[in-house]
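Observations on the three-dimensional arrangement
Each chain, written out:
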Amino acid sequence: MLERLELQIPITLCKLEKIFPPAFFDVMVHLAVHLATEAKLGGPVQYRWMYPIERFLRKLKCYVRNKSRPEGSMAEGYIVEESLIFFWRYLHDIETKFNQLKRNSEGVHEDLYKGLSVFAHNGFPLNQDKSRSLTEQERKQAHIYMLKNCEEIQSFLCEYEQDNHNMDLDEWFHHRIMQLHKERDARVNEELLSLAYGPLYGIQTFKGYVINGFRFHTKELETKRLKQNSGVLVKGVMGDKMIDYYGVLNEIVELQYLVGKRTVLFKCDWWDVDNIGRGIKIDKHGFTSVNTTRKLATDEPFVLASQVEQVFYVEDGLTPNWLIVLKGHSESFMHLPKSNNENNGEVLIGGEAFQQDTQYTSEDFTSLFEEDEVVTNWDKDDIEACHDNITITSNVIEPIDSDPETDDEDLVL
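Residues numbered from 1 in each chain as written. Predicted model: local features only at pLDDT ≥ 70, side-chain atom pairs only at ≥ 80, totals over all residues. Heavy atoms only, no water.

**Points about the sheet that holds strand β5 (residues 214–217)**
In plain terms, the rule: Here, any two strands with at least 2 DSSP bridges between them count as paired. Secondary structure follows DSSP: runs of H or I at least 4 residues long count as helices, runs of E at least 2 residues long count as strands, and numbering of each begins at the N terminus. The axes are straight lines fitted to the C-alpha atoms, using for helices just the contacting stretch, and the angles between their N-to-C directions are given from 0 to 180°.
Pairing is antiparallel in the open sheet, where three strands are placed in the order β1-β4-β5. Whereas interior strands pair on both sides, the edge strands pair on one side only; in this sheet they are β1 (124–126) and β5. Neighbour-to-neighbour, the strand axes of the sheet open up by a mean angle of 25°, direction not taken into account. Taken together, the four bridges between strand β4 (residues 208–211) and β5 define a ladder with antiparallel strand orientation.

**Section: the side chain of S73**
To keep it simple, the criterion reads: Categorising residues by exposure relies on relative accessible area from a 1.4 Å probe, with only protein chains included: less than 20% of the type maximum marks a residue as buried, more than 50% marks it as exposed, and the intermediate range marks it as partly exposed. For this analysis, a polar contact is any N or O atom pair within 3.5 Å, provided that within protein one partner can donate a hydrogen and the other can accept it, and provided that sequence-adjacent residues contribute only side-chain to side-chain pairs.
In this structure, S73 sits in helix α5 (residues 70–90). On the accessibility criterion, S73 (12% relative accessible area) is buried. One polar contact links the side chain of S73 to the main-chain carbonyl oxygen of R69, over a distance of 3.0 Å.

**With respect to the side chain of T263**
Within the secondary structure, T263 is located in strand β8 (residues 262–270). T263 gets classed as buried once you look at its relative accessible area, which sits at 6%.

**So, the packing of aromatic side chains**
Just so we agree on the cut-off: Stacked, tilted and edge-to-face are the three classes assigned to paired rings of Phe, Tyr and Trp, where Trp is represented by its six-membered ring and a pair needs centres within 6.5 Å; plane angles under 30 degrees give stacked, over 60 edge-to-face, the rest tilted.
Scanning the entire structure with this criterion turns up twelve aromatic pairs. Consider the rings of F20 and F24, whose centres lie 4.4 Å apart with planes at 20°: the pair is stacked. A relative accessible area of 36% means that F24 is categorised as partly exposed. Measuring from centroid to centroid gives 5.8 Å for F156 and F173, while their planes differ by 90°, and the two rings are edge-to-face.

**Some words on the confidence of the model for the protein**
Note the following rule: Confidence of the predictor in every single residue is expressed as pLDDT, which spans 0 to 100. The contact rule is simple, with two residues in contact once any of their heavy atoms fall within 4.5 Å.
Taken residue by residue, the protein gives an average pLDDT of 79. The fraction at 70 or more is 77%. Counted against residues more than four places away or in other chains, residues 335–376, with its pLDDT under 50, gives 23 contacts. Ignoring residues within four places in sequence, the model shows residues 385–413, a span with pLDDT below 50, making five contacts including any to other chains.

**Remarks on the packing of helix α6 (residues 136–148) against helix α9 (residues 190–197)**
Formally: Only Asp, Glu, Lys and Arg are considered charged, only Ala, Val, Leu, Ile, Met, Phe, Trp, Tyr, Cys and Pro nonpolar, and every remaining residue, Gly among them, polar.
Relative to each other, α6 and α9 sit at 145°, their axes nearing to 10 Å. Across the interface between the two elements, R139, H143, M146 and L147 of α6 pack against L195, A196 and Y197 of α9. Residues of the contact of α6 with α9, tallied by class, amount to five nonpolar, one polar and one charged.

**A short note on unusual backbone geometry**
One non-glycine residue with positive phi stands out, namely R184, at about 55°. Checked against the element boundaries, R184 lands in the loop between α8 (169–182) and α9. Residue classification places R184 among the exposed positions, given a relative accessible area of 75%. Positive phi outside glycine occurs at V259, with the angle close to 55°. Tracing the backbone shows V259 in the loop between β7 (241–256) and β8. Look at V259 and you get partly exposed, because its relative accessible area is 47%.

Listed below in structure tokens is the structure:
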């Protein structure tokens, strides 16, 4: 195979000379003449290529700040790099480029919040805040959503569903907590009373927020920018199955409660994911598309910021008014399994890395070819393997009487 390739390369280059101008044939094109010969002499290229050396030279080149003293700049840069590695490994209180937080990181929370989960402080806002007042409908929608998504009051929600009453959830919860407070029930604390009273009418609004490793912008702010950061995804339950709700972020609000408690909600417009076929569809390749002309009829425009993931919408060139959903990536939503078992035919990550111990030769793969196929032997049998001591033998390099070498540039094809 290599001998035939060595004979065909000059013919191929001659055919290319009929098509391309002379400026096309630089030294890189000429090097193709020697590829087959190098493969026969040196074997597989991955054992002798220069990519690691070239990458290291580029790293040294990046250290140069003073072009009149490049060697000194490389030496100083290398010393600084070694110092940063030392600080990163042994001095954990010093921030270096190896341990600095990522752009959308929320920081390190040393003390976990021990109160109600809905009051846990997550993320941080972007841009300056503005103040406004909630309408009665917005306050009621936000308050009911907070109650339904507070893990610590699930027993009260079950009690509300079992009782026969004509009161809304927020009103019933307020009366129930006040009754237990008068009875001096141990379950009632300061935070539970604050949640029962509901949020204040005055709120703070933002145009950007960083949480869960994502950077969110409102739809209004996005109109002035090229990047898209307003797509949201919330996982919900419909009946007995999980469903993904896709939407667009309209407003970021910070609710204020008594005794200084705060929480952040996202107010969104949701696409109609309940109507499969007309509102949402999944093609044969597994891509999800949503119809922008159909919105979900719901009384829950608010979601907790800690529940939201980010998605991006791409226009469908074939179907108008449809957007293709692309999910974002964040370390906050990456749950790696702890075992190296197989799940539905896929190998799960988390076990030890695969290590190949057996050394194979070309003879082991002969059975993979047909009987009439020619199998190229890549093992060098003309030189004995050297283990401990390197010995130069006479059959390795043979003296050849020939004319002095001629540079490749002097040769004319």
